[in-house]
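# Fold and contact review
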Amino acid sequence: VKRCLDVGSGGGLPGIPLAILKPDTHFTLLDTNGKKTRFIQQAIIQLRLENVVVAHARVEKWSPAEPFDAIISRAFASLNDFVSLSHQHLTTDGRFYAMKGQRPSEEMKALPANMKIVAEHELHVPRLDATRYLIEIIPHE
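Treat the numbers as computed from the prediction; the structure is a model and nothing was measured.

Moving on to the environment of P64. Among the structural elements, P64 can be located in the loop between β3 (52–56) and β4 (68–74). Using a relative accessible area of 24% as the deciding quantity, one classes P64 as partly exposed. Considering only alpha carbons, one finds P64 and T28, 36 residues apart in sequence, at a separation of 9.6 Å.

So, in structure tokens, the structure goes:
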């Protein structure tokens, strides 16, 4: 992945930790909340992350210069809203990655017909007595 968009980044999760782990990937952290985007910008400066930029906008109204190979979200919206609002920013062979608390069975059933779940990953967070999920989705015809 060369370019990744973190939609509804909030305080910078998961975009900032991913940017630290993947210095060769360019990350754009997008959020509508100005206070949060200012915080993220300060964190980027303090951490000296050169592979991250911040955008303060609504995903459906935003116009990036080029599309992304991956779009990730954590607690942004339902799966349907996530892919519907951000699909125009994904490359034709790109993937969506949705981080969810519980397995979103009903949300998975409600995905648009042109979206396909290709993987579900159970995530075990240290010191957290709960399972989290990462759902991989691709556009298909």
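Turning to the environment of L5, a few remarks are in order. Here L5 lies in strand β1 (residues 3–7). We classify L5 as buried; its relative accessible area is 0%. Separated by 49 residues in sequence, L5 and V54 place their C-alpha atoms 9.9 Å apart.

Below, the discussion takes up the side chain of E136. Within the secondary structure, E136 is located in strand β7 (residues 131–139). In terms of polar contacts, E136 uses its side chain to reach the side chain of R95, at 2.7 Å. Not counting chain neighbours up to four residues away, the residues in contact with E136 comprise R95, F96, Y97, K116, I117, V118, A119 and H121.

It is worth spelling out the pairing of β3 at this point. By the bridge criterion, 5 bridges tie strand β2 (residues 26–31) to β3 in an arrangement that is parallel. Each residue of the ladder has a partner; that of L30, found in β3, is A55. Tracing the backbone out of β2, into helix α2 (residues 34–47) and back to the parallel element β3 gives a crossover that is right-handed.

About the cut-offs
- Residues numbered from 1 in each chain as written.
- Predicted model: local features only at pLDDT ≥ 70, side-chain atom pairs only at ≥ 80, totals over all residues.
- Heavy atoms only, no water.
- Helix = DSSP H or I, 4+ residues; strand = E, 2+ residues; numbered from the N terminus.
- Buried < 20%, exposed > 50% of the residue type's maximum accessible area, 1.4 Å probe, protein only.
- Polar contact = N/O pair within 3.5 Å; in protein donor to acceptor, adjacent residues only side chain to side chain.
- Contact = heavy atoms within 4.5 Å.
- Pairing = 2+ DSSP bridges.
- Right-handed = clockwise from strand over helix to strand, strands pointing away.

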